[in-house]
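Fold and contact review
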Amino acid sequence: MIKTKDFHFLIMVVVVVGLLTVLYLTGRPRYLSRTQPHLAAASDAECFTCHDDGKVFPMAKEHPLRKKNCRQCHRFERPKG
Ligand code: HEC
Ligand code: HEC
């Protein structure tokens with residue numbers, strides 16, 4: 001018989017691993033192109049002027065839930081070499 005204590009530990013392990021997986025999948029960086037607007041824009045408000053619904057390049061429906069602190073996930077790719 002598996003002890004209740006061990007069972008709780010197992011559940012905790014599964015929960016923690018699951019959470020990290022979700023964070024990994026949604027927190028992947030998606031690099032910005034080095035175009036003028038991206039080089040210049042710093043605040044979320046500036047990003048929204050082009051990437052909100054109905055603008056030049058709206059975010060996809062399946063865009064990760066978090067729609068603030070854009071720069072946390074969207075950075076410039078480090079130059080190669
Ligand atoms: C003046 C309009 C404008 C502003 C401001 C702007 N973008 Fe963009 N963005 C674009 C356009 C147009 C594209 C598509 C062409 C390209 O990739 O350069 C794009 C593409 C992107 C992409 C997709 C790149 C890809 O590979 O699919 C991301 C992510 C992005 N922008 C994030 C941001 C973030 C974050 C900000 C704020 C710091 C921002 N943008 C500000 C116009 C803008
Ligand atoms: C939690 C991380 C995260 C944050 C915060 C975030 N994004 Fe994204 N974004 C992504 C990922 C991952 C993708 C790629 C989605 C895909 O390929 O299906 C993406 C894709 C995009 C794209 C490309 C078009 C699309 O929807 O696939 C644009 C434009 C964009 N994001 C703009 C923004 C803006 C503007 C903000 C801030 C208001 C923002 N993002 C905040 C993770 C994030």
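See the structure shown above.
Residues numbered from 1 in each chain as written. Chains lettered and ligands numbered in written order. Predicted model: local features only at pLDDT ≥ 70, side-chain atom pairs only at ≥ 80, totals over all residues. Heavy atoms only, no water.

A count of helical and extended segments in the protein chain gives four helices and zero strands. Taken from the N to the C terminus, the helices and strands of the protein chain come in the order α-α-α-α. Its C-alpha atoms put the protein chain at 65 × 40 × 20 Å along the principal axes. Of all 81 residues assigned to the protein chain, the portion counted as buried reaches 6%. Sequence-distant contacts in the protein chain: of pairs separated by 6 or more residues, those separated by 24 or more amount to 58%. For the protein chain, the exposed area adds up to about 7,500 Å²; of that, 66% sits on carbon and sulfur atoms. (Helix = DSSP H or I, 4+ residues; strand = E, 2+ residues; numbered from the N terminus. Buried < 20%, exposed > 50% of the residue type's maximum accessible area, 1.4 Å probe, protein only. Contact = heavy atoms within 4.5 Å. Areas by Shrake-Rupley, 256 points an atom, 1.4 Å probe, with all protein chains shown as cover.)

Before going further, it helps to examine the site of ligand 2. Near ligand 2 there are 18 residues, and of these Ala60, His63, Cys70, Cys73 and His74 occur at the shortest range. The separation between a nitrogen atom of ligand 2 and a polar side-chain atom of His74 is 2.8 Å. For the shell around ligand 2, the secondary-structure elements that each account for two or more residues are helix H3 (44–51) and helix H4 (70–73). Looking at the shell around ligand 2, the element that brings in the most residues is H3, giving three residues. Here the residues of the shell around ligand 2 are counted per class, giving eight nonpolar, five polar and five charged. (Near = heavy atom within 4 Å. Polar contact = N/O pair within 3.5 Å; in protein donor to acceptor, adjacent residues only side chain to side chain. Nonpolar A, V, L, I, M, F, W, Y, C, P; charged D, E, K, R; others polar.)

So, about the site of ligand 1. Taken together, 17 residues lie around ligand 1, and Ser33, His38, Cys47, Cys50 and His51 are the ones closest in. Here an oxygen atom of ligand 1 and a side-chain polar atom of Ser33 are 2.6 Å apart. Interatomic distance of 2.8 Å between a side-chain N/O atom of His38 and a nitrogen atom of ligand 1. If one sorts the elements of the shell around ligand 1 by residue count, H3 sits on top with five residues. Here the residues of the shell around ligand 1 sort into eight nonpolar, six polar and three charged.

To continue, consider a nonpolar patch on the surface. The grouping of Ile2, Phe7, Leu10, Ile11, Met12, Val15, Val16, Leu19, Leu20 and Leu23 at the surface amounts to a nonpolar patch, some 950 Å² of accessible area in total. With respect to the helices, strands and loops of the structure, Leu20 is situated in helix H1 (residues 4–26). (Patch = residues over 30% accessible without salt bridge, like charges linked within 9 Å, V, L, I, M, F, W, Y side chains within 5 Å. Salt bridge = Lys/Arg side-chain N within 4 Å of Asp/Glu carboxyl O.)

Once that is clear, we can look at the coordination of the iron atom of ligand 2. Summarising the metal site, the iron atom of ligand 2 is bound by the protein donors His63 (NE2) and His74 (NE2), whose distances to it range over 1.9 Å. Taken together, the six donor atoms coordinating the iron atom of ligand 2 span angles of 87 to 179° at the metal, a pattern that classifies the geometry as octahedral. One end of the pair, His63, is in the loop between H3 and H4; the other, His74, is in the segment after H4, and eleven residues separate them in sequence. Owing to a relative accessible area of 21%, His74 belongs among the partly exposed residues under this scheme. (Donors = N, O, S within 2.8 Å, 3.2 Å for Na, K, Ca; no water. Tetrahedral: all angles 85-135°; square planar, octahedral: opposite > 155°, others 65-115°.)

Remember, this is a structural readout, not a statement about activity or role.
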